[in-house]
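One letter stands for each residue in the lines below.
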Amino acid sequence: MAEAIAFYFISACILGFAVLVISTRDTVHSVLFLVLDFLFVAALYVLLGAQFLAAIQILVYAGGIVVLYLFVVMLVNLKRPPEAHSDPHRKTNWGFALSIAVLVELAAVAAYSYARPAPALAAAAQAPVPLSGNTEQVGWLLYTSYLIPFEIASMLLLVAMIGAIVLAKREL
Amino acid sequence: MVDSFVIPLLKIVIVLNATLVAVTYMVLLERKVIAWAQSRLGPMRVGPYGILQPVADAVKLMIKEDITPVRADRWVFTAAPIISMVPALIVYAVIPFGPKITLFGRQVSLYITDINVGLLYIVSVASVGVYGIILAGYASNSKFPLLASLRASAQLISYEVAVTLTLVSVILMSGTLSMVGIVDAQYNQGVWYIFAQPIAFVLVLIGGLAETNRAPFDLPEAEQELTGGFHTEYSGMRFALFFLAEYANMIVVSSVVTTLFLGGWLPPFPNTAPLHFLYAIPSWVWFFLKSFCFLYLFIWIRATLPRYRYDQLMALGWKFLIPLAIANLVVTGIVKVLL
């Protein structure tokens, strides 16, 4: 019961702050709501018993990435209203179509997984993880069952890093 | 009921109050030590040798007029001191002041809680504390605070990388992220990690100085260049909150360094039989003694070293500390695998 109340409260906060992120006019306020949003996502992880993930969520997203956002926002200082940024050449409603497509996709995934629980999850829950701690379990799964996705993700980050260096420093 | 609710609540109340009192007296200690370093007397008027000065300061700060600049971002301006104060205090939840002891016939642990990601919790909460400084500078709507907060964000991000990488090598040694577990590991291995990981110790100490904005890395509040830095526009109790947060963070860094590298509540050479008489001194006394040494060191450094220039600060962080941290991590890993 208490868990359900906590879950619905946290989820409501996540959704509410997410709406505020995109509806606030002041860019810095919007970034701040994003931080709050990330903190509540971390709270959701704690509720699921994934303390390691929660700590990493705060450390990486709330503490690291959004500080960089703020840095950029404060340097660029977007004091003009959002209308001033709109591109006059963009007349199509591609944005709407894309967001509707994503929404439909999410709804389909939710409906599908509600109809029949994924076998992979059940298997993962049964798979013997020979370690007790939260951190150890995440590490174990990352380097055994999910090794290839993990390596692909790290390649992606490496590519992004090299790309950023190439863009920032044209002649090396 | 008593074990699950009353005792933790009592512990929280005690730790919070003790922290706030310790923080106010840290300010006095700092003024005194710096005065002695400069052949002055420091505060002498309020009480004998000025020991009641913190009380006078607190009263003054509370009754001072609280000014909000007209063009300030009112909400963020109000939130910023709170955002910097709260993380500084909630970190104390996982700091172990001592092991489990028997008190009035009841098993009581001298820490509020022991979570299995304790060290990560400290690092992540500390990384949120940066927002206080950044937002204070932004919300003031004034040049110098904004410059200070830009400096602060760049500085904190850079040093966070180095410190976190260094902490990984400590975690490799201990095999756990729990603060209590790290102390236990030092007991079982019979060595304080300052001897096993001297480079990591120095790196964390330097990073800790930078993360708490202490001299010689106090660029976000460089008085001579920025007229007080990010808290230029703050007055009264809101200013006091920033001040308290800085000192509370100093105590946090001292406690963390003590726990990670000086064996927390353990006496020197915890496993050596001839030195077992040292256990006669209570565990928490060892802890506070060691932490106090670091607090004194912080003040000593401030009285001794001139401030870094901004580009020197960045060069030190990225070109020296981070490569050294990575090298230390690699060497620790190799040694750990070979042994």
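If you're wondering where the values come from, they're calculated on a predicted model, not measured in any experiment. (Residues numbered from 1 in each chain as written. Chains lettered and ligands numbered in written order. Predicted model: local features only at pLDDT ≥ 70, side-chain atom pairs only at ≥ 80, totals over all residues.)

A look at the overall build of chain A
For clarity, the threshold we go by: For the purposes of this entry, the term helix denotes a DSSP run of H or I that reaches at least four residues, the term strand denotes a run of E that reaches at least two, and both are numbered from the N terminus. Contacts are defined on C-beta atoms placed from the backbone: any two residues whose C-beta positions lie within 7 Å are in contact.
Counting secondary structure elements, chain A contains 7 helices and 0 strands. In sequence order, the secondary structure elements of chain A are arranged as α-α-α-α-α-α-α. Residue pairs in contact within chain A that sit at least 24 positions apart in sequence constitute 48% of those at least 6 positions apart.

Focus on the overall build of chain B
Selection rule: Exposure in this text rests on C-beta crowding, where 20 or more other C-beta atoms within 10 Å of a residue's own make it buried, 12 or fewer make it exposed, and counts in between make it partly exposed. The C-beta atoms are placed from the backbone.
A count of helices and strands for chain B gives 12 helices and 2 strands. Tracing chain B from N to C terminus, the helices and strands come up as α-α-α-β-β-α-α-α-α-α-α-α-α-α. Projected onto the principal axes, the alpha-carbon positions of chain B cover approximately 65 × 50 × 45 Å. The burial tally for chain B puts 45% of its 339 residues in the buried class. The contacts of chain B with a sequence gap of at least 6 include a subset with a gap of at least 24, amounting to 77%.

Remarks on the pairing of strand S1 (residues 100-103) of chain B
Residue and element names in this part refer to chain B. This is how it is decided: When DSSP finds at least two bridges between two strands, those strands are taken to pair.
Note: S1 against strand S2 (residues 106-109), 4 bridges, orientation antiparallel. Bridging from a neighbouring strand, Thr102 pairs with Gln107 of S2. The loop that links S1 with its antiparallel partner S2 comprises 2 residues; one of these, Phe104, has a positive phi angle of about 50°.

Description of the interface of chain B and chain A
It is common to report an interface's size as the accessible area lost on association of the parts. Which entries qualify depends on this criterion: Classes in brief: Ala, Val, Leu, Ile, Met, Phe, Trp, Tyr, Cys and Pro nonpolar; Asp, Glu, Lys and Arg charged; the others, Gly included, polar.
Every contact between the two is made by 18 residues of chain B and, on the other side, 17 residues of chain A. Elements with a contribution of two residues or more to the side of chain B that touches chain A: helix H4 (118-139) and helix H5 (143-174) of chain B. A per-class count over the side of chain B that touches chain A returns 14 nonpolar, 4 polar and no charged.

Brief notes about the environment of Val335 of chain B
All names here are of chain B. Relative to the assigned elements, Val335 resides in helix H12 (residues 310-338). You can call Val335 partly exposed: it has 13 C-beta atoms within 10 Å. Between the alpha carbons of Val335 and Ile112 there is a distance of 34 Å; along the sequence they are 223 residues apart.

Looking at the nonpolar core
Using the following cut-off: Put simply, a nonpolar core is buried Ala, Val, Leu, Ile, Met, Phe, Trp, Tyr and Cys residues tied into one set by C-beta atoms within 7 Å.
With 112 residues, the main nonpolar core has Leu120, Ile122, Ile134, Leu135 and Ala248 of chain B as its most contacted residues. Non-local contacts of Ala248 of chain B, meaning those with residues more than four positions away in its chain, are made with Thr19, Val23, Ala88 and Leu89 of chain B.

Re unusual backbone geometry
Positive phi values are uncommon outside glycine, yet Ser39 of chain B reaches one of about 55°. Here Ser39 of chain B lies in the loop between helix H1 (2-37) and helix H2 (53-63).

Observations regarding helix H10 (residues 236-261) of chain B
Think of an α-helix as turning once every 3.6 residues; residues three or four places apart then point the same way. All names here are of chain B. Note the threshold: To estimate how far a helix should reach, multiply one less than its number of residues by 1.5 Å.
A rise of 1.5 Å per residue sets the reference length of H10, with its 26 residues, at 38 Å; its end C-alpha atoms lie 38 Å apart and thus fit the reference within 8%. For H10, the buried fraction is high: 23 of the 26 residues fall into the buried class. Backbone geometry just downstream of H10 places Gly263 in the positive-phi region, at approximately 70°.

As for the domain arrangement of chain A
The following threshold applies: For the domain bounds, the source is a domain assignment made automatically or taken from a database.
As assigned here, chain A comprises domain 1 (1-80) and domain 2 (128-172). Between domain 1 of chain A and domain 2 of chain A, the C-alpha centre-to-centre distance is 23 Å.

Quick word on helix H6 (residues 179-189) of chain B
Residues and elements named next belong to chain B. Going by this rule: Comment: arc refers to directions from the helix axis out to C-beta atoms.
Of the residues making up H6, those classed as buried are Met179, Val180, Ile182, Val183 and Gln186. With its buried residues spanning 165° around the axis, H6 presents them on a single face. Gly190 sits one or two positions beyond H6 and adopts a positive phi of about 70°.

Digging into the packing of helix H3 (residues 51-76) of chain A against H4 of chain B
Worth spelling out the cut-off: Lines fitted to C-alpha atoms define the axes here, with helix axes fitted over just the stretch in contact, and angles between the N-to-C directions of these axes take values from 0 to 180 degrees. Angles are sorted into four bins: roughly parallel if under 35 degrees, roughly antiparallel if over 145, roughly perpendicular if 65 to 115, and oblique for all others. In this scheme the handedness of a crossing depends on how the near helix is turned from the far one: anticlockwise by less than a right angle means left-handed, clockwise means right-handed.
Direction vectors running N to C along H3 of chain A and H4 of chain B enclose 20°, while the axes themselves pass 8 Å from each other. In this view, H3 of chain A runs roughly parallel relative to H4 of chain B, as classed from their interaxial angle. Two packed elements cross with a definite hand, and for H3 of chain A against H4 of chain B that hand is left-handed. Residue-level contacts link Phe52, Ala55, Ile58, Leu59, Ala62, Gly63, Gly64, Val67, Leu70 and Met74 of chain A of H3 of chain A to Leu120, Tyr121, Val123, Ser124, Ser127, Val128, Val130, Ile134 and Tyr138 of chain B of H4 of chain B. Across the contact of H3 of chain A with H4 of chain B, the residue classes tally to 15 nonpolar, 4 polar and no charged.

Quick notes on the packing of H5 of chain B against H12 of chain B
For any two helices packed against each other, one specifies the crossing angle of their axes together with the interaxial distance. All names here are of chain B. Taken N-terminus to C-terminus, the directions of H5 and H12 make an angle of 15°; their axes are 9 Å apart at the nearest point. Classified by the angle their axes make, H5 and H12 are roughly parallel. Taken as a pair, H5 and H12 cross one another with a handedness that is left-handed. Grouping the amino acids of the contact of H5 with H12 by side-chain chemistry returns 16 nonpolar, 8 polar and 2 charged.

Points about the environment of Pro267 of chain B
Residues and elements named next belong to chain B. For Pro267, the location among the structural elements is in the loop between H10 and helix H11 (283-304). Since 18 C-beta atoms lie within 10 Å of it, Pro267 is described here as partly exposed. Pro267 sits 50 residues away from Gly317 along the chain, and the two C-alpha atoms are 33 Å apart. Not counting chain neighbours up to four residues away, the residues in contact with Pro267 comprise Leu275, Leu278, Tyr279, Ile281 and Trp286.

A closer look at the confidence of the model for chain B
How we decide: The quantity called pLDDT is the predictor's confidence in a given residue, expressed from 0 to 100.
Within chain B, residue pLDDT values average 83, and 99% of them lie at 70 or more. In the predicted assembly, ipTM is 0.80 and pTM is 0.82.

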